[in-house]
Each structure stands twice: as structure tokens, then as C-alpha cells.
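Listed here are the chains, written in short residue letters.
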Amino acid sequence: MTRRVLLVSHAVRTDLQHLSVFLAARLRGQGIEAVVPAGDAVHHDLHGSHLRVANADDPTEGCELVCVLGGDGTILRGADLARESGTPLLGVNFGHVGFLAEAEREDLSAVVDRIVAADYTVEERMTLGVEASVGDELVARGWALNEVTVEKAARQRMLEMVVEIDGRPVSKWGCDGVIASTPTGSTAYAFSTGGPVIWPDVEAILVCPISAHALFARPLVVGPSCAVAIEITAEASGKGVMWCDGWRPVDLPYGARVEVSRGRLPVRLARLTSAPFTDRLVAKFHLPVQGWRGSRRLSGGLEGVIR
């Protein structure tokens with residue numbers, strides 16, 4: 001049976017679309033078929049290339065890997081395609097920080113070799129499931145790898161919201177919004193609001209208010225089995241909007257309730273190195289570690305860290 005890889009690239013970057021064609025040729029030379037999502041096909045010149053269009057209903061059908069070229073936003077889109085089937089996701093960073101990426105652009109040739117050899121491990125990342133309702137009406141259902149946010153829709157007004165954990169109210173905040181994040185997302189939006197970095201092997205849900213006008217406005221870290229709910233409680237505060245991983249927006253009126261819990265399915269990330277998360281954190285955020293001597297049991301310093 002022919003091996004197959006789904007290639008996902010940034011929708012409007014022609015350099016990455018051309019690179020996908022190049023990668024498809026490299027993979028085809030090793031007996032691996034490369035396909036692109038049907039929605040992306042319009043951005044690629046498929047004529048004369050080795051790229052094929054994936055099944056529109058199930059883009060990962062028959063695929064052993066989803067390879068993403070782009071930044072974290074594109075990788076999150078790839079995760080949306082890969083999660084349901086459990087297909088491992090491998091990100092190559094062509095963005096800025098690229099915390100979700102496993103390799104950088106200069107590593108691309110080596111990445112192809114690793115794909116051909118199926119030389120990678122797979123780790124699972126916790127996700128969040130979310131439902132938004134108004135009264136008895138369910139208005140949206142979704143999921144997130146990084147975070148679910150409930151934010152104000154109008155710049156000039158704060159939202160008044162009550163946060164609930166396991167069916168009990170914790171606090172009411174007048175704020176710009178609230179973030180419910182996974183450990184994977186703790187280095188993303190939640191980090192920019194002052195939330196803690198949570199190692200990805202920790203199972204937890206992080207709740208962070210955004211610019212809250214309240215005496216008690218600290219981030220909360222709760223257990224993975226906890227149910228988190230956010231309610232818009234003041235009609236005068238106007239409308240809110242819910243985002244899952246920074247896209248798929250849902251408008252929320254006064255009285256809306258957003259319930260967040262552990263997701264039904266994890267996202268499976270392909271790993272090319274055994275470097276610990278600490279090294280990734282240092283490398284991605286360019287943290288100062290000069291002068292570190294370390295344990296005598298460790299050698300090599302920070303060599304081999306993913307850039």
C-alpha cells in the first residue's frame with residue numbers, strides 16, 4: 001500500500017506553497033504520496049506536480065502523518081484536520097516563535113529524511129472541549145488545543161463575568177475577557193496575560209482573566225477533570241465573543257454560558273528529538289542561561305536543543 005502524507009501550508013504564502021510542491025517531489029521519489037486539503041488546492045499549482053488533493057470529507061484518510069509548513073496558527077489548523085483521526089502532526093516553523101513546531105526551516109531536508117524513515121516518536125497533548133449556550137439553547141460546540149477565550153466584542157466596554165469551577169462560583173470579574181488554556185497553550189495567549197508556564201506532561205486547565213478590575217484576579221490552575229464555566233452576567237456590558245485557538249469565533253449575548261472541560265480526544269504530536277521541554281522553553285524565548293554549570297551527571301550543556 002502506498003504511503004501517504006498530508007501537507008498543510010500557510011494559505012497565502014506562495015513561498016510555502018511552492019515548497020509544498022518541492023516536498024511532494026522529494027517524497028514521491030521515496031515512494032510516498034503527498035496530498036493537500038481540498039480547501040487548499042486552489043492555492044497550489046497542481047498541474048505537473050506530484051501533489052494530489054486529499055479526500056474532502058476526511059483529509060487524513062490513509063495518511064501516516066500531517067506535515068505543516070508555517071507558524072503556530074497554521075499548525076493549529078493542521079491539528080484541526082489531524083485530531084479526529086489521531087494522525088500524528090509534525091510542524092516545521094516558518095513563522096516567528098513556533099512553539100508548536102518540532103523543527104525549523106533550515107532543518108527541512110533532514111525532516112524529509114526522518115519522514116521517509118518514519119523516524120519519530122509521538123506524544124499526546126491534552127485538548128479542551130467547549131459548549132456555549134444561551135438559556136436552554138446550545139449555540140456552539142468546539143474544541144481547542146491551546147485555549148478557549150471569552151472576550152469583549154466592543155473595545156469601549158468591559159465584560160462582567162462570573163467564573164465557576166465544578167458547579168460553584170469562584171469570582172466575578174469586570175474584564176476584557178477570560179482564557180481557559182491547556183498546558184500546551186500556557187506559552188501562548190495565557191502567557192501574555194501573566195499566566196504561568198505549565199509543562200506539557202502536566203494535566204491541568206489554566207484559567208486567566210484578561211485585564212481584570214478585581215481584587216482577586218490571579219490565574220487559577222485546576223485539575224484536568226474539573227468543569228470550568230464562564231457566564232456573561234451584566235446586560236450593560238454588551239456582547240462577547242468566544243474564540244477557539246484564535247479562530248472559529250462565536251458571538252455571545254448577555255446571559256451566555258461557556259462550559260469548558262477536558263477534550264474528548266488529544267492531539268498527537270510527532271517528535272524528532274528527545275530534548276526536554278526546558279530546553280525548548282529556553283530556546284524559543286531566548287532565555288538567558290549564561291553561566292550555568294549544571295550537574296556533573298549532565299554533559300553537552302544545551303547542545304542539541306531545537307532552535
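Computed from a predicted model, the values in this text were never measured in an experiment.

Considering the confidence of the model for the protein chain
Detailed reading of the predicted coordinates is not advisable wherever pLDDT is low.
In step 1: Per-residue pLDDT for the protein chain has a mean of 91; in total, 94% of the residues score no lower than 70.
In step 2: The low-confidence segment residues 301–307 (pLDDT under 50) makes 17 contacts with residues lying over four places distant or belonging to another chain.

Let's talk about unusual backbone geometry
In step 1: Non-glycine residue D245 carries a positive phi angle of around 55°.
In step 2: Along the chain, D245 falls in the loop between β17 (240–244) and β18 (247–252).

Here's the deal with the packing of aromatic side chains
In step 1: With the rule as written, the count across this model stands at 4 aromatic pairs.
In step 2: Here the aromatic rings of F99 and F277 are separated by 6.1 Å at their centres, their planes lie at 45°, and the arrangement is tilted. In this pair, F99 sits in the loop between β5 (89–93) and β6 (103–104) while F277 sits in helix α5 (residues 277–285), placing the two residues 178 residues apart along the sequence. Considered together, F99 and F277 belong to a single accessibility category, that of buried residues.
In step 3: Chaining the aromatic ring pairs together yields one cluster made of F99, F191, W199, F277 and F285.

Here we look at the side chain of S181
In step 1: Among the structural elements, S181 can be located in strand β13 (residues 177–181).
In step 2: Accessibility expressed as a relative area gives 0% for S181, which makes it buried.
In step 3: Reaching out from S181, the side chain makes a polar contact with the backbone nitrogen of S186 at a distance of 3.4 Å.
In step 4: Filtering out sequence-adjacent residues up to four positions away, S181 remains in contact with L128, N146, E147, S186, A190, A204, I205 and L206.

Looking at the sheet that holds strand β15 (residues 220–222)
Within a beta sheet, neighbouring strands are joined by backbone hydrogen bonds and run either parallel or antiparallel to one another.
In step 1: With respect to topology, 6 strands assemble into an open sheet ordered β15-β14-β13-β10-β17-β18, the strand pairing being antiparallel. Of all strands in the sheet, those with a lone pairing partner are β15 and β18, marking the two edges. Here the average twist between neighbouring strands, direction ignored, is 15°.
In step 2: Bridge analysis of strand β14 (residues 205–210) against β15 gives 3 bridges, and the strand direction is antiparallel. If you follow V207 over to β15, its bridge partner there is L220.

Parameters and conventions
- Residues numbered from 1 in each chain as written.
- Predicted model: local features only at pLDDT ≥ 70, side-chain atom pairs only at ≥ 80, totals over all residues.
- Heavy atoms only, no water.
- pLDDT = per-residue confidence, 0-100.
- Contact = heavy atoms within 4.5 Å.
- Helix = DSSP H or I, 4+ residues; strand = E, 2+ residues; numbered from the N terminus.
- Phe/Tyr/Trp six-rings, centres within 6.5 Å; stacked < 30°, edge-to-face > 60°.
- Buried < 20%, exposed > 50% of the residue type's maximum accessible area, 1.4 Å probe, protein only.
- Polar contact = N/O pair within 3.5 Å; in protein donor to acceptor, adjacent residues only side chain to side chain.
- Pairing = 2+ DSSP bridges.
- Axes fitted to C-alpha atoms, helices over the stretch in contact; angles between N-to-C directions.

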